[in-house]
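# Residue-level structural notes
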Protein chains: 2
Amino acid sequence: MLYPAPMGRLIHELAKLPGVGPKTAQRLAFHILELNETEVKRLVEAMVDAKQKMGFCSVCGQLAEKSPCTICDDRLRNQKLLCVVEEPKDVIAMEKTRVFKGLYHVLGGAISPLEGIGPDDLKIKELLHRIEEGQFDEVIIATDPNVEGEATALYLAKLLKPFGLKVTRLARGLPVGGDLEYADEITLSKALEGRVEF
Amino acid sequence: MLYPAPMGRLIHELAKLPGVGPKTAQRLAFHILELNETEVKRLVEAMVDAKQKMGFCSVCGQLAEKSPCTICDDRLRNQKLLCVVEEPKDVIAMEKTRVFKGLYHVLGGAISPLEGIGPDDLKIKELLHRIEEGQFDEVIIATDPNVEGEATALYLAKLLKPFGLKVTRLARGLPVGGDLEYADEITLSKALEGRVEF
């Protein structure tokens, strides 16, 4: 036991966070001890508060403080354009481009036989329902440019064909094998502008 | 405002941590939201608990749950050997070797005119007091192998000379497991100077 118990416990808890190894956890723990009481309180409250107040939009599936979320509720946005993404963070990435002004649909992942995620595990039924009920002209499938994302995109494209609407995907230009959330705003804007029809 | 307020606040607080940029903060925030209530509670409690319970040992200056700390209190450790380090985390690094069995003294930093840190800002007075009162045979100065650490080591070595005890420092050389070709010139020169016979 190299660390006193409370320190060891903190390092242990921090090391559970994604991308935080033992060295980083130690560094963060030392930093947290160096913060003053107010700063620790602020950090802790932000965590508890976010955890308590954040939920999911019942319409689009995006992380939101209220449901329907501010995007779904915004009548000034293009109600005829729907962008389908895998994760809530992808909505943030898209919003950062300030190019897209339509609505979103968050699938909650991508089809991945390896991880045992099939179409039924994603919000595809909800997507079809929205398309049936809505007045969409175009659906942009903006899944991640990797194997799972591509498979999901193709699956959706086929599924949406009977609806007779325009189904597009983001232009290649996104680094293949990457994650949508890590694309920079300009690349993502370009990809959005150059989207092609299936 | 791309994020709902509680989420934005959490990302903002997380981004204050060292080595955590906006992207990492966002990733951590999403992860925290994905944790269940119990897991968030555990993380938050670990922070609050560590902050409340951890203090500094009044003898050596190490982060500790009680004072004197378990190392200072351990009569089985070599009471004649003192290792001087810059930071509490350096004690952990030394302890991990399981080679050193003496006592520690944490300076709380290194002399750095650029950052306005002079000898009076470090626990040097306390060090001299401990040496006067103690029965040390040897003091190992284990400051960081950089400019500030070297300056501090030389300053201390000079200061400790009158006490007539052995003052040593850690060997400079090639990191074990490294490649010779990747060693910088200075490290390699030091390794050459400090070469030992088989």
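Residues numbered from 1 in each chain as written. Chains lettered and ligands numbered in written order. Predicted model: local features only at pLDDT ≥ 70, side-chain atom pairs only at ≥ 80, totals over all residues. Heavy atoms only, no water.

### Brief notes about the overall build of chain A
This is how the line gets drawn: The way it works is that DSSP assigns letters per residue, a run of H or I at least four long becomes a helix, a run of E at least two long becomes a strand, and they are numbered from the N terminus. Relative accessibility thresholds used throughout: buried, under 20% of the residue-type maximum; exposed, over 50%; partly exposed, between the two (1.4 Å probe, protein chains only). The criterion used for residue contact is that any of the two residues' heavy atoms lie within 4.5 Å. Computed with the Shrake-Rupley method and a 1.4 Å probe, the accessible areas treat only the protein chains shown as cover for residues. We score Asp and Glu as negative and Lys and Arg as positive, and we do not count His or the chain ends. Where a charge lies is defined by one atom per residue type: Lys uses NZ, Arg uses CZ, Asp uses CG and Glu uses CD.
When helices and strands are counted, chain A shows seven helices and seven strands. Listed N to C, the secondary structure of chain A is α-α-α-β-β-β-α-β-α-β-α-β-α-β in terms of helices and strands. Projecting the C-alpha coordinates of chain A onto the three principal axes gives extents of approximately 65 × 35 × 35 Å. Within chain A, buried positions represent 49% of all 198 residues. The contacts of chain A with a sequence gap of at least 6 include a subset with a gap of at least 24, amounting to 55%. Total accessible area on chain A is roughly 10,000 Å²; 53% of this is exposed by carbon and sulfur atoms. Across chain A, the mean location of the 26 positive side-chain charges is 2 Å away from that of the 30 negative side-chain charges.

### Considerations on the domain arrangement of chain A
Accessible area lost during the coming together of the parts is what is often quoted as the interface size. Put simply, the test is: Residue ranges for the domains originate in an automatic or database domain assignment.
Splitting chain A by domain gives domain 1 (5–53) and domain 2 (60–197). Once you take the C-alpha centre of each, domain 1 of chain A and domain 2 of chain A turn out to be 33 Å apart.

### Some points on helix α1 (residues 5–14) of chain B
Helical geometry: 3.6 residues make up each α-helical turn, so side chains three or four residues apart lie on a common side. Operational definition: By definition, the arc is the one covered by directions from the helix axis to the C-beta atoms.
Among the residues making up α1 of chain B, those that are buried are Pro6, Met7, Leu10, Ile11, Glu13 and Leu14 of chain B. Viewed along the axis of α1 of chain B, the buried residues span an arc of 165°, placing them on a single side of the element. Here the buried face of α1 of chain B lies against α3 (37–53) and β2 (63–64) of chain A together with α2 (22–34) of chain B.

### What about the sheet that holds strand β6 (residues 166–169) of chain B?
All names here are of chain B. Stated formally: Strands qualify as paired when DSSP identifies two bridges or more between them. Between the N-to-C directions of two axes lies an angle of 0 to 180 degrees, each axis being a line fitted to C-alpha atoms and, for a helix, fitted only over the stretch in contact.
With parallel pairing, the four strands of this open sheet are ordered in space as β4-β3-β5-β6. On the outer flanks of this sheet lie β4 (103–106) and β6, each paired with one strand and no other. The average undirected angle you get between the axes of adjacent strands in this sheet is 25°. Where strand β3 (residues 81–85) and strand β5 (residues 138–141) come together, four bridges link them in parallel fashion. Within β5, the position partnered with Leu81 by the bridge is Glu138. Where helix α5 (residues 124–133) meets the sheet, it contacts β3, β4 and β5, and its direction lies at approximately 155° from that of β4. On the sheet, helix α6 (residues 147–160) packs against β3, β5 and β6 and is oriented at approximately 165° with respect to β5.

### A word on the side chain of His105 of chain B
Residue and element names in this part refer to chain B. Definition in use: Pairing of N or O atoms within 3.5 Å defines a polar contact, subject to two protein rules: one partner must be a possible hydrogen donor and the other a possible acceptor, and residues neighboring in sequence count only if both atoms are side-chain atoms.
Its place among the elements puts His105 in strand β4. A polar contact is formed between the side chain of His105 and the side chain of Arg130, at a distance of 3.1 Å. Residues contacting His105, with those up to four places away along its chain left out, are Val59, Cys60, Leu82, Cys83, Val84, Val85, Lys123, Glu126, Leu127 and Arg130.

### Quick word on the packing of aromatic side chains
All names here are of chain B. Our working definition: Only Phe, Tyr and Trp rings are paired, with Trp represented by its six-membered ring, and only when their centres lie within 6.5 Å; those with planes under 30 degrees apart are stacked, over 60 edge-to-face, the remainder tilted.
The final tally for this structure, using the stated rule, is two aromatic pairs over all chains. Ring geometry for Phe100 versus Tyr104: centroids 5.1 Å apart, planes at 55°, classification tilted. Among the residues examined, Phe100 registers a relative accessible area of 7% and is labelled buried. For Tyr104, a relative accessible area of 1% translates into the label buried.

### Some thoughts on the pairing of strand β4 (residues 103–106) of chain A
Put simply, the test is: Every crossover in which the path from the first strand over the helix to the second runs clockwise, viewed with the strands pointing away from the viewer, is termed right-handed.
Side chains Leu103 and His105 of chain A project from β4 of chain A onto one buried face, and the interleaved Tyr104 and Val106 of chain A project onto a second face that is buried too. For the handedness criterion, the β-α-β arrangement of strand β3 (residues 81–85) of chain A, helix α4 (residues 88–97) of chain A and β4 of chain A is classed as right-handed.

### Quick word on the interface of chain A and chain B
Put simply, the rule is: Take the accessible area each of two parts loses on contact, using a 1.4 Å probe, and add the two losses: that sum is the buried area. Salt bridges are defined by distance alone: a side-chain nitrogen of Lys or Arg within 4 Å of a carboxyl oxygen of Asp or Glu.
Counting from both sides, the interface comprises 50 residues of chain A and, opposite them, 48 residues of chain B. Counting the surface lost from both chain A and chain B, the interface buries some 5,000 Å², and carbon and sulfur atoms represent 70% of this. Our count for the chain A to chain B interface comes out at four salt bridges. When the shortest N-O distance is used, the salt bridge between Arg9 of chain B and Glu45 of chain A registers 3.8 Å. Among the secondary structure elements, those contributing two or more residues to the side of chain A that touches chain B are α1 (5–14), α2 (22–34), α3, β2 and α4 of chain A. Examining the composition of the side of chain A that touches chain B, we find that 13 residues originate from one element, α3 of chain A, more than from any other.

### Quick look at the pattern of salt bridges
Here the idea is simple: oppositely charged side chains can pair when their charged atoms come close. Inspection of the entire model under this criterion finds 16 salt bridges over all chains. Close ionic contact of Glu13 of chain B with Lys16 of chain B constitutes a salt bridge, the shortest N to O distance being 3.3 Å. Judged by relative accessible area, Glu13 of chain B falls into the buried class, the value being 7%. For Lys16 of chain B, a relative accessible area of 43% puts it in the partly exposed group. Salt-bridge contacts for Lys66 of chain B lead to Asp73 of chain B; the nearest nitrogen and oxygen are separated by 3.2 Å. When salt bridges that share partners are traced, they join Arg9 of chain A together with Lys41, Glu45, Asp49 and Lys53 of chain B into one network.

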